Amino acid sequence: MAHPNESRLLELYGMLARGDVDGFLGACTDDIVFTVPGTSAVSGTWTRWTFRTMMEAPATVSGGTLRQRITHVIANDDQGILLLDHRLERQGRPHAYRTAHIVRFRGSQVCAWTEHPGSLAELEEAWGHPGD
């Protein structure tokens, strides 16, 4: 039987896919930190209050072509792991990479979110660097 936080994560990612950023952030603590490694155009560390800025870069860089497919999700009371396939186009070229999103829960809310790409080089190639 699946843990309730597995369904919760799928629900939250569904909100983002539908553009319901407020709904997603409503499930996050005030002190949440979002982290994407590397030096790409989407890399950095953001808070709940700068999350919208974080979301602008992928939309701008990919021209709205980013598609993420969740291939697996597992969670317990404290944390969750989502395995995803990301596909996008940047400057007319297709890119794809596999990644993991690791989240931590505090009570029923998400308090930390970190991306762990299978290949940092593929993530950076897909997204380019600031100014590319």
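Residues numbered from 1 in each chain as written. Predicted model: local features only at pLDDT ≥ 70, side-chain atom pairs only at ≥ 80, totals over all residues. Heavy atoms only, no water.

Draft legend 1. Summary view of the overall build of the chain. Looking only at helices and strands, the chain features 4 helices and 6 strands. Reading the helices (α) and strands (β) of the chain from amino to carboxyl end gives α-α-β-β-α-β-β-β-β-α. For the chain, the C-alpha radius of gyration of 14 Å lies close to 14 Å, the compact-globule estimate for 132 residues. Each of the three principal axes of the chain carries a C-alpha extent, and together these read 40 × 30 × 25 Å. For the chain, buried positions account for 41% of its 132 residues. In the chain, of all internal contacts separated by at least 6 residues, the share reaching a separation of at least 24 is 49%. Carbon and sulfur atoms form 53% of the exposed surface of the chain, whose accessible area is close to 7300 Å². Between the averaged position of the 12 positive side-chain charges in the chain and that of its 16 negative side-chain charges there is a distance of 3 Å. (Helix = DSSP H or I, 4+ residues; strand = E, 2+ residues; numbered from the N terminus. Rg over C-alpha atoms; globule rule 2.2 N^0.38 Å. Buried < 20%, exposed > 50% of the residue type's maximum accessible area, 1.4 Å probe, protein only. Contact = heavy atoms within 4.5 Å. Areas by Shrake-Rupley, 256 points an atom, 1.4 Å probe, with all protein chains shown as cover. Lys, Arg positive; Asp, Glu negative; His and termini not counted. Charge placed at Lys NZ, Arg CZ, Asp CG, Glu CD.)

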